[in-house]
Amino acid sequence: ADIDPDLWESCYHNPIQFLSKVDQRRMQKVAGEKTWLARYDAVMKAFNAYMHPKETWFTKNYPHAKDELVAYFSAEFGLHECLPIYSGGLGILSGDHCKAASDLGLPFIGVGLLYNQGYFRQRISTEGRQEAYYESLRFSQVPIQKARSADGEDVVIAAEMPDRTVFALVWKVNVGRVTVYLLDTDIDWNTPEDRAFSAQLYGGDLQMRISQEIVLGMGGVKALRALGLHPSVWHLNEGHSAFLSLSRLKELMVDHELSMEEAMECVSANAVFTTHTPVSAGHDVFSEEMMERYFYRFWHALDIPKERFLALGHAPQESAARFSMTILAMHTARGVNGVSKLHAVVSKGLWKDLWPGVPEEEIPIIAVTNGVHYDSWVQPELKAALDRVLEKGWHERPDDLAVWDGVRHIDDKELWNLRSVARNRMIDFVRRRVREQRKRRGESADRVRAADRVLDPNRLTIGFARRFATYKRATLIFTDLERFIRLATQEGREVQFIFAGKAHPADGGGQDLIRQLHRLAELPDLENRIVLLEDYDIVMGRHLVQGCDVWLNNPRRPQEASGTSGEKAALNGCLNVSILDGWWCEGFNGQNGWAVGEERNYPTLEEQDEADVRSLYNVLETEVIPTYYERDTDGLPRAWLSRVRESIRTISPQFSTWRMVKDYTNELYRPAFERRARLRHNHFALAKRLAEWKQRMQSRWREVYLDSTPIDVDDVAVGQSVPVEVRVWLGTVPPEDVAVELYVGLMQNGHLEDTQALGMRLKSRLGEGAYLYEGDFVPSIGGSFAFGVRARPHHEHLVHPHEVGLVRWANISE
């Protein structure tokens, strides 16, 4: 940027392209400047130290796992603006995950597709219509290179389709200490149709989608094998890559002569699956006919019955007519997580049919709440201020809450200046973008010049930038237009809004939202107060999260799985005004932003929208706007700045990708390392025993049932034991293979809360396969309790209690 700032911007921060275009005389000039060369040397010294540390978080905490490897498969990676192979939040999260893995020293690689046209570029016409167009990447001008095999050759893999073979060339991107491998089918070996498989992200029909996912999942496994890489953990980021489990299944069955059930134990033991959405459109589903067309040869070659293969993609009680990639991922991964605490709860309800008879709260889906990569998103001036006020070495502990107490030492005047610098920079950026939009549309010279009057740096600025899906309700705030206009135009307390985002080309509802926003921005009363920007991407997102005063988020709860744009805004001191959904349920503490709506369900969407918009107006009118414009004699909004400080202090560490990746490592990757080693030891002895035991339990479980059990809970005092006995018929199932449990919960407003499963003891053998079990419950508080007694298979090597998916409940009489 110092060498030629205009060229740097026009090259979209692409260093390869910049170096190919920069004036050689300018390069020679800076090459002779001592100050510039000193900066260059400092950067290279810091980079070399980063790349070759004496110790990392991972090597310090897991010294015996240095030979392990995590392979992270994702359909998109948002690494940098000059490599546009991402569409939105999922890709940005993947990129931030890789960066944090590099920072922490994880043995980690990424696997994805190299889309030569990326996701679509967006234009908005003078009528407000979204127009999608595509630009082809020139691979020689982006920071990627071909992957090479051990003998120095290009790596090309083959993916089998129904009537042909598709080939893919493997490229690599260096992301610090992490490498991301990308598969490219746009090579001469393929037909024009097959070359298009890696052309566009989320483009085409279902035939295109299943082909892309075969290349990503099954081709990705082949690519790693060709590179000599043997991951210890396979992380499926969303269901797009779930076919990789089929490749792993085939490897184990063919190379190690395991049965399907034995191979399934090994595949699932060290697989991690992250689900990202409770919205049905986010889960890929293929028909039975399509699966048969693409996978008939697969299951036939492995002698797997068709019904058993198709069962991998549907719940036990469902038909095989629909094959879900999400269900395939859940069936083939022992570690499953949602991306916020609320999303994990919602996911348990959404996928409960995979565990029939299991209470939702016990379904084995945990939460690893998303975070953001601090250095990728923070305002440079703010980071410099933090370097001064936070304790030395804070960069090595950005997820430590105690480190951030130093934020309190940034005084109000400096903090307000930091926010003003970011806001002014953002407004300059917005005006440039608006000028470009108007020029492209052929608008008049006066209209183009008027872009310089768009937005006012002294007004409260609210940003709304994200994918334009209907459940995100981009136009909710305009429900009562007259009230909105009063809110936005009150003299001395004006408010202005920036909207940005793309709607999927097939999402008519999302595109309608863009048209509505375009019309609203053209209203005379709202001129220069509402801006709708086109072509939302990493660069725009960085400007907006740094420069806005408020980040607005109003999805229909609970459909926002996590949402990370608000996390990026918060660490910059942009305050969230958000529905209590996704990450904000965990992040909001009453002083670091504002909550909209209630944590409850509504009978209808209309009632939910009405209640939420009333709350939104009330929060803005009575809290947000007055707090922003309430100034002391020195012109500083001290109450506002107090919330800004609290936002930076509390949200930055809690929603850091450092915390997120540490959680993945501690809760999912490390256990998967250990499970893999146990199951493969001694020629897969444990995998074979477990598979045989589960098959035996499946065949004999019909013999198990429990007697009706009377439980007398009248007038039980707190601390008094409630004894329970139950007769259990196990048939030929040994009692050591069964856990009998008393399941207890407190009834609150018709819902069961504070549930617990209490183990019952074998009291006596009654003969002919019958046993008497006993247990007790001691209430610690008063209230109305609900009871259940159940039996489930038990084995010391199960990852979670309901892994087998079998449970038998007794009838309860009270």
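Residues numbered from 1 in each chain as written. Predicted model: local features only at pLDDT ≥ 70, side-chain atom pairs only at ≥ 80, totals over all residues. Heavy atoms only, no water.

Peer 1: Describe the overall build of the chain, listing the residues and the values that go with them.
Peer 2: When helices and strands are tallied, the chain shows 26 helices and 30 strands. The C-alpha atoms of the chain give 29 Å as radius of gyration, which agrees with the globular expectation for 814 residues (28 Å, within 12%). Taken over the C-alpha atoms alone, the chain extends approximately 95 × 70 × 55 Å along its principal axes. Taking as baseline every contact in the chain between residues at least 6 positions apart, the subset at least 24 positions apart corresponds to 72%. With an accessible surface of roughly 34,700 Å², the chain has 48% of that area assigned to carbon and sulfur atoms. Mean positive and mean negative side-chain charge positions of the chain (98 and 115 charges, respectively) differ by 5 Å. (Helix = DSSP H or I, 4+ residues; strand = E, 2+ residues; numbered from the N terminus. Rg over C-alpha atoms; globule rule 2.2 N^0.38 Å. Contact = heavy atoms within 4.5 Å. Areas by Shrake-Rupley, 256 points an atom, 1.4 Å probe, with all protein chains shown as cover. Lys, Arg positive; Asp, Glu negative; His and termini not counted. Charge placed at Lys NZ, Arg CZ, Asp CG, Glu CD.)

Peer 1: Describe the pairing of strand β23 (residues 722-729), naming the residues involved and giving the relevant values.
Peer 2: Residues Val 722, Val 724, Val 726 and Val 728 point to one face of β23 and are all buried, whereas Pro 723, Glu 725, Arg 727 and Trp 729, pointing to the other face, are not buried. Where strand β21 (residues 705-706) and β23 come together, 2 bridges link them in antiparallel fashion. Looking at β23, one finds that Leu 706 is bridged to Val 728. As paired elements, β23 and strand β27 (residues 770-777) share 8 bridges and run antiparallel to each other. Its bridge partner being in β27, Trp 729 is matched across the sheet by Ala 770. (Buried < 20%, exposed > 50% of the residue type's maximum accessible area, 1.4 Å probe, protein only. Pairing = 2+ DSSP bridges.)

Peer 1: Which residues make up the environment of Lys 662, and what values do they have?
Peer 2: Structurally, Lys 662 is set in helix α26 (residues 657-700). Relative accessible area serves as the criterion here: at 15%, Lys 662 is assigned to the buried category. Considering only alpha carbons, one finds Lys 662 and Ser 376, 286 residues apart in sequence, at a separation of 18 Å. Apart from residues no more than four positions distant in its own chain, Lys 662 is found in contact with Trp 57, Leu 104 and Asp 399.

Peer 1: Before we move on, can you summarise the sheet that holds strand β20 (residues 593-596) with the specific residues and values?
Peer 2: Strand pairing in a sheet is mediated by backbone hydrogen bonds. Such pairs are either parallel or antiparallel. Taken together, the 6 strands give an open sheet; going across it, the order is β17-β16-β15-β18-β19-β20, and neighbouring strands pair in parallel fashion. Here the strands that pair on one side only, and so sit at the sheet edges, are β17 (530-533) and β20. Averaged over all pairs of adjacent strands, the angle between strand axes in this sheet comes to 20°, irrespective of strand direction. Here strand β15 (residues 460-465) runs beside strand β16 (residues 495-500); their pairing, made up of 6 bridges, is parallel. (Axes fitted to C-alpha atoms, helices over the stretch in contact; angles between N-to-C directions.)

Peer 1: A description of the side chain of Ser 268 should follow, citing residues and the corresponding values.
Peer 2: Looking at the element boundaries, Ser 268 is found in helix α10 (residues 260-269). Ser 268 sits in the buried class, given a relative accessible area of 1%. Side-chain polar atoms of Ser 268 contact the backbone oxygen of Met 264, separated by 2.8 Å. When residues no more than four places from it in sequence are discounted, the contact partners of Ser 268 are His 331, Thr 332, Ala 333 and Arg 334. (Polar contact = N/O pair within 3.5 Å; in protein donor to acceptor, adjacent residues only side chain to side chain.)

Peer 1: Give me the environment of Glu 81: which residues, what numbers.
Peer 2: By the secondary structure assignment, Glu 81 is in the loop between β1 (70-74) and α6 (89-104). Here the alpha-carbon distance between Glu 81 and Thr 332, two residues 251 residues apart in the chain, equals 34 Å. Apart from the residues within four sequence positions on either side, Glu 81 is in contact with Tyr 12, His 13, Tyr 86, Ile 538, Val 539 and Arg 542. Within polar-contact distance, the side chain of Glu 81 engages the side chain of His 13 at 2.5 Å. A polar contact of 3.1 Å, which involves the side chain of Glu 81, links it to the side chain of Arg 542.

Peer 1: Go over the pairing of strand β4 (residues 130-133), please, and point to the residues and values.
Peer 2: As paired elements, strand β3 (residues 121-124) and β4 share 4 bridges and run antiparallel to each other. Paired with Ile 124 across the bridge in β4 is Gln 130. Between β3 and β4, which pair antiparallel one after the other, the connecting turn spans 5 residues, and Gly 128 there sits at a positive phi close to 90°.

Peer 1: Requested: an account of the side chain of Ser 562, with residues and values cited.
Peer 2: Within the element layout of this structure, Ser 562 appears in the loop between β18 (550-553) and α22 (565-571). Within polar-contact distance, the side chain of Ser 562 engages the backbone oxygen of Val 339 at 3.2 Å. The residues contacting Ser 562, other than those within four sequence positions of it, are Val 339, Ser 340, Asn 370, Glu 567, Gly 582 and Trp 583.

Peer 1: Account for helix α25 (residues 638-654), naming residues and giving values.
Peer 2: When the terminal C-alpha atoms of α25 are compared, their 25 Å separation across 17 residues agrees well with the 24 Å that a helix rising 1.5 Å per residue should span. With 13 of 17 residues buried, α25 is to be regarded as a mostly interior element. (Expected span 1.5 Å × (residues − 1).)

Peer 1: Residue-level account of the environment of Trp 594, with values.
Peer 2: Within the secondary structure layout, Trp 594 lies in strand β20. Put simply, Trp 594 and Thr 709 are 115 residues apart on the chain and 49 Å apart in space, counted from C-alpha to C-alpha. Those residues in contact with Trp 594 that sit more than four places away from it in its chain are Leu 575, Asn 576, Val 577, Ser 578, Trp 584, Phe 588, Val 619, Glu 623, Val 624, Thr 627, Trp 640 and Arg 643. Only 3.0 Å separates the side chain of Trp 594 from the side chain of Glu 623, close enough to count as a polar contact.

Peer 1: Could you give an account of the packing of aromatic side chains, naming the residues involved and the relevant values?
Peer 2: All chains considered together, the criterion is met by 39 aromatic pairs. When the centroid spacing of 5.4 Å and the interplanar angle of 75° are considered together, the rings of Trp 394 and Trp 404 count as edge-to-face. Of this pair, Trp 394 sits in the loop between α16 (380-389) and α17 (412-440) while Trp 404 is found in the loop between α16 and α17, placing the two residues 10 residues apart along the sequence. Take Trp 394: its relative accessible area is 3%, and that puts it in the buried class. Using a relative accessible area of 0% as the deciding quantity, one classes Trp 404 as buried. Among the aromatic side chains, those forming a connected cluster through ring pairs are Phe 243, Phe 295, Tyr 296, Phe 298, Trp 299, Phe 309 and Phe 323. Over the face of the ring belonging to Tyr 602 we find Arg 600, whose NZ or CZ atom lies 3.9 Å from the ring centre. One Lys or Arg, Arg 631, reaches over the ring of Tyr 628 and ends 5.1 Å from the middle of that ring. (Phe/Tyr/Trp six-rings, centres within 6.5 Å; stacked < 30°, edge-to-face > 60°. Lys NZ or Arg CZ within 6 Å of the ring centre and 35° of its normal.)

Peer 1: Report on unusual backbone geometry, specifying residues and quantitative values.
Peer 2: Glycine aside, a negative phi is what most residues show, and trans is what most peptide bonds show. Cis geometry marks the peptide bond from Arg 557 to Pro 558, where omega comes out at 5°. Tracing the backbone through its elements, the reader meets Pro 558 in the loop between β18 and α22. With phi around 60°, Asp 303 is a residue other than glycine that occupies positive phi space. Structurally, the position occupied by Asp 303 is in the loop between α11 (288-301) and α12 (306-310). Residue Asp 303 is classed as exposed on the basis of its relative accessible area of 69%.

Peer 1: Can you break down the packing of α17 against α25 residue by residue, with the values?
Peer 2: Close contact between α17 and α25 brings their axes to 10 Å; oriented N to C, the two are set at 75°. One way to sum up the angle between α17 and α25 is to call them roughly perpendicular. Facing Asp 412, Leu 415, Trp 416 and Arg 419 of α17, the residues of α25 in contact are Arg 638, Leu 641, Val 644, Arg 645 and Ile 648. Considering only residue class, the contact of α17 with α25 consists of 5 nonpolar, no polar and 4 charged. (Parallel < 35°, antiparallel > 145°, perpendicular 65-115°, else oblique. Nonpolar A, V, L, I, M, F, W, Y, C, P; charged D, E, K, R; others polar.)

Peer 1: Any chance you could break down α17 for me, citing the residues and the numbers?
Peer 2: Over its 29 residues, α17 extends 42 Å from the first C-alpha to the last, a length consistent with the 42 Å expected when each residue adds 1.5 Å. Once α17 finishes, Gly 442 follows within two positions and takes phi at roughly 80°, a positive value.

Peer 1: Give a detailed account of the nonpolar core, specifying residues and quantitative values.
Peer 2: Core analysis: the biggest nonpolar cluster contains 155 residues, and Phe 243, Phe 295, Phe 309 and Tyr 669 have the highest contact counts within it. When residues in this core are grouped by element, the largest group, 15 residues, is from α26. In this view, Phe 295 contacts Ile 210, Ile 214, Met 218, Phe 243, Leu 246 and Phe 309; residues no more than four positions away in its chain are not counted. (Core = buried A, V, L, I, M, F, W, Y, C linked by side-chain atoms within 4.5 Å.)

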